[in-house]
Amino acid sequence: MSDFTDIVPGISLAAALNNAPLDMLENRILIGHALQLTRIQLITQSERLLTGEEAAQLTALFRRRLQGEPIAYIVGEREFFGLAMQVTPDVLIPRPDTELLVELALERLPQQGKALDMGTGSGAIAVAIAHTRPDVSMTALDVSEGALKVAAGNAQRHGAKVAFLRSDWYAALGDVAQPYLDLIVSNPPYIVAGDEHLSQGDLRFEPIGALTDHADGLSALRIIANGAPKYLKAGGWLLMEHGYDQSEAVRDVLAQRGFAKVQSWRDLAGIERVSGGKLAVASN
Ligand code: GLN
């Protein structure tokens, strides 16, 4: 940070790229974002000279990044499941590992099935499912108004039909005559209160309520699992993302609540990251 000198006007794009303080990928992302240029244009226009305004803008963006602000918040989007999702500090930045949750959900959703995404945040999971499977009736809820706005924007941007609901977990769903969902999916806050990761890297800038339950890390996972049988049809699946060391605990919660076929799946790093089960018999 201290040895970053301002990007000066009059230098070429190529020179700006080489003098920029981040790694090459991030330099390209920020410069492309600031100048509204694609990756290809950054190459074909490499001789183009920076105006004073552009140089100042780039300097400001690099300073933000050097202070730790996540690149996804600076540029306002992150790709998930092949779709550009808008992100703001109201929502967690979608992780590639969470695509596993989407794949598992897609494999299990029957034609015309009904699915619910709990704690949807940016809407990434719900939008990815609804975009891939327009036959599915997708509902997504979140307790945060700010998150719901971002999620609704993402659904609209990708022409995905998702019904949004402001709800503290199941609270707004209320009583139902009988279970009607084929699948519940969630990437809830699961980091243990006080975990050192909360004060490192991108997580410092993400909404704390999307990261931790402020308790043992399992409380949201328990609420979701315990409430699920009221809404899930017999044969319906519950799939939840969790922390690297929580798979056994989550499988226990699912088994205790009467789920069958309880199992975990590994993420891209080989860590058990999603656990789920199938409801054998519907019960309230
Ligand atoms: N997977 C996120 C992390 O990196 C946490 C997301 C969550 O709590 N749901 O740390």
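See the structure printed just above.
Reading the values: rules and limits
Residues numbered from 1 in each chain as written. Predicted model: local features only at pLDDT ≥ 70, side-chain atom pairs only at ≥ 80, totals over all residues. Heavy atoms only, no water. Helix = DSSP H or I, 4+ residues; strand = E, 2+ residues; numbered from the N terminus. Pairing = 2+ DSSP bridges. Axes fitted to C-alpha atoms, helices over the stretch in contact; angles between N-to-C directions. Contact = heavy atoms within 4.5 Å. Buried < 20%, exposed > 50% of the residue type's maximum accessible area, 1.4 Å probe, protein only. Arc of directions from axis to C-beta. Near = heavy atom within 4 Å. Polar contact = N/O pair within 3.5 Å; in protein donor to acceptor, adjacent residues only side chain to side chain. Areas by Shrake-Rupley, 256 points an atom, 1.4 Å probe, with all protein chains shown as cover. Nonpolar A, V, L, I, M, F, W, Y, C, P; charged D, E, K, R; others polar.

Let us look at unusual backbone geometry. Positive phi, normally seen in glycine, also occurs at Q36, with a value near 55°. Along the chain, the position of Q36 falls in the loop between α2 (24-35) and α3 (39-44). Despite not being glycine, K261 shows a phi value in the positive range, around 50°. Secondary-structure assignment places K261 in strand β8 (residues 259-266).

Right, let's get into the sheet that holds strand β4 (residues 137-142). Here we have seven strands laid out as an open sheet, ordered β5-β4-β3-β6-β7-β9-β8, and mixed in their pairing. In this open sheet, the two strands that pair with only one neighbour each are β5 (162-166) and β8. Between one strand axis and the next, the sheet turns by 15° as a mean value, whatever way the strands run. Examined bridge by bridge, strand β6 (residues 181-186) and strand β7 (residues 232-241) share five bridges and lie parallel to one another. From the neighbouring strand, L183 faces β7, where its bridge partner is W237. Contacts from helix α8 (residues 145-157) reach β4 and β5, with the element oriented near 175° to β5.

Within helix α11 (residues 247-256) the residues assigned to the buried category are S247, V250, V253 and L254. End-on view of α11: buried residues confined to an arc of 125°, all on one side of the axis. For α11, exposure combined with an orientation more than 90 degrees from the buried face picks out E248 and Q256. Two residues or fewer after α11 comes G258, characterised by a positive phi angle close to 95°.

Here the focus is the site of the ligand. Around the ligand, the neighbouring residues are L92, R95, N187, P188, P189, Y190, I191, L203, A210, L211 and E241. Y190 places a side-chain nitrogen or oxygen 2.8 Å from a nitrogen atom of the ligand. In the model, an oxygen atom of the ligand is placed 3.1 Å from a nitrogen or oxygen of the L211 main chain. Taken by itself the ligand offers 290 Å² of open surface, and the protein chains cover 84% of this. Classifying every residue of the shell around the ligand by side-chain character gives eight nonpolar, one polar and two charged.

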